[in-house]
Amino acid sequence: GESAAARAAYGAPNFNFNVAHDACLVVLAADAALLVGVDVCSPFRLRAGAPAEYAGLVSAFEGVLTADEWAAVRGEEAEGDADDAAAVSAAGAAAGDATGAAAGGEASALPAAEAVCVTRFRRQWSRKEAYVKARGDGLGFALRRVEFCDCPPPRPPEPEQQQPQTQPQQQPEPPQPQP
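This text gives an overview of the structure that appears in the document. (Residues numbered from 1 in each chain as written. Predicted model: local features only at pLDDT ≥ 70, side-chain atom pairs only at ≥ 80, totals over all residues. Heavy atoms only, no water.)

1. Describing the nonpolar core
And then number 1: One finds Tyr54, Leu65, Trp70, Val73, Val118, Phe121 and Leu143 to be the most contacted residues of the largest nonpolar core, which totals 17 residues.
And then number 2: Element by element, the count of residues in this core is highest for helix H5 (residues 112-135), at six residues.
And then number 3: Discounting residues that sit within four places of it in the chain, Trp70 has contacts with Tyr54, Leu57, Val58, Phe61, Glu62, Leu65 and Phe121.
And then number 4: With five residues, the next largest nonpolar core counts Ala20, Ala29, Val36 and Val40 among its residues. (Core = buried A, V, L, I, M, F, W, Y, C linked by side-chain atoms within 4.5 Å. Buried < 20%, exposed > 50% of the residue type's maximum accessible area, 1.4 Å probe, protein only. Helix = DSSP H or I, 4+ residues; strand = E, 2+ residues; numbered from the N terminus. Contact = heavy atoms within 4.5 Å.)

Next comes the structure, spelled out in structure tokens:
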């Protein structure tokens, strides 16, 4: 087929889209003008089979994440830790296991702390995969060239507290008519 530039020259629309799936989750992103890339990692409770062991992920993907990203995976960055632990705990509770679980009620062999690290790794990996899919490079792109981090969502500004007035304000006198 024709390239996007050739289609644009004839006035044909250029429509960018990307699809990802994992377990029973499917994500579709599309935009008429912007490049898009998506990836998805389903929670442990929706995945078939046991989650990957953390040591195996570190070994296999050592050169993929930056030093700061690995620090975030290990939990040396506090953002999102409570959410990660809650997600792992909820997954385990759904299957009767406090450490996280695979689909079908099979208990995960991962300790809770390791399951949290695996969850954090999968989040980092999804960011990188979505990025290279948007660029069109695929996994040929050197993934350590780009770094992602958790950013807390913006908070609305605090309402301004009015200071108590210590002196009464004088009202300006109305203008006097000129004779």
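2. A look at the layout of surface pockets
And then number 1: Taken as a whole, the largest pocket encloses approximately 220 Å³ of empty space.
And then number 2: Lining the largest pocket are 16 residues, with Cys41, Arg47, Ala52, Leu57 and Arg122 sitting closest to its centre.
And then number 3: Elements supplying a minimum of two residues to the lining of the largest pocket: helix H2 (54-61) and H5.
And then number 4: With five residues, H5 is the single largest residue contributor to the lining of the largest pocket. (1 Å grid on protein atoms, 1.4 Å probe; cavity = no way out; pocket = protein on both sides within 12 Å on 5 of 7 lines; lining within 4 Å. Points joined across faces, edges and corners; volume = space filled by probe spheres on them.)

3. Examining the pattern of salt bridges
And then number 1: In the structure shown here, the tally under the stated rule is seven salt bridges.
And then number 2: The shortest N-O distance in the salt bridge between Asp22 and Arg122 comes to 3.6 Å. Taken together, the residues Asp22 in strand E1 (residues 16-22) and Arg122 in helix H5 connect sequence positions 100 residues apart.
And then number 3: The class of Arg122 is buried, set by a relative accessible area of 12%.
And then number 4: A salt bridge links Lys128 to Glu69, with the shortest nitrogen-to-oxygen separation between them at 2.9 Å. On the criterion of sequence distance, the pair formed by Lys128 in helix H5 and Glu69 in helix H3 (residues 67-74) is long-range, its members being 59 residues apart.
And then number 5: For Lys128, a relative accessible area of 0% gives the class buried. (Salt bridge = Lys/Arg side-chain N within 4 Å of Asp/Glu carboxyl O.)

4. Details of the environment of Arg122
And then number 1: Sequence separation between Arg122 and Val73 is 49 residues, and the spatial gap between their C-alpha atoms is 9.0 Å.
And then number 2: Here Arg122 is in contact with Asp22, Cys41, Ser42, Phe44 and Arg47, once residues within four sequence places are set aside.
And then number 3: Here Ser42 takes part through its backbone oxygen, which lies 2.6 Å from a polar atom of the side chain of Arg122. (Polar contact = N/O pair within 3.5 Å; in protein donor to acceptor, adjacent residues only side chain to side chain.)

5. What to know about the side chain of Thr66
And then number 1: Mapped onto the elements of the fold, Thr66 is located in the loop between H2 and H3.
And then number 2: Note on Thr66: relative accessible area 9%, which makes it buried.
And then number 3: At 2.4 Å, the side chain of Thr66 and the side chain of Glu147 are in polar contact.

6. Here we look at the packing of H2 against H3
And then number 1: At a minimum axis distance of 13 Å, the contact between H2 and H3 shows a crossing angle of 175°. The orientation of H2 with respect to H3, classified from their angle, is roughly antiparallel. Contact residues: H2 offers Tyr54, Leu57, Val58 and Phe61, while H3 offers Trp70, Val73 and Arg74. (Axes fitted to C-alpha atoms, helices over the stretch in contact; angles between N-to-C directions. Parallel < 35°, antiparallel > 145°, perpendicular 65-115°, else oblique.)

7. Considerations on the packing of aromatic side chains
And then number 1: Under the counting rule described, the total for this entry stands at five aromatic pairs.
And then number 2: Each ring, one from Phe61 and one from Phe121, has its centre 5.2 Å from the other, and the planes form 50°; the classification is tilted. Highlighted residues: Phe61 in helix H2 and Phe121 in helix H5, separated in sequence by 60 residues.
And then number 3: Residue Phe121 is classed as buried on the basis of its relative accessible area of 4%.
And then number 4: Members of the aromatic cluster, each reached through a chain of ring pairs, are Phe61, Trp70, Phe121 and Trp125. (Phe/Tyr/Trp six-rings, centres within 6.5 Å; stacked < 30°, edge-to-face > 60°.)

8. Brief notes about the pairing of strand E2 (residues 25-31)
And then number 1: Alignment of E1 against E2, held across seven bridges, turns out to be antiparallel. Directly across from Asp22, in E2, lies its bridge partner Leu25.
And then number 2: Linking E1 to E2, which pair antiparallel, is a turn of two residues; within it Ala23 sits at a positive phi near 55°. (Pairing = 2+ DSSP bridges.)

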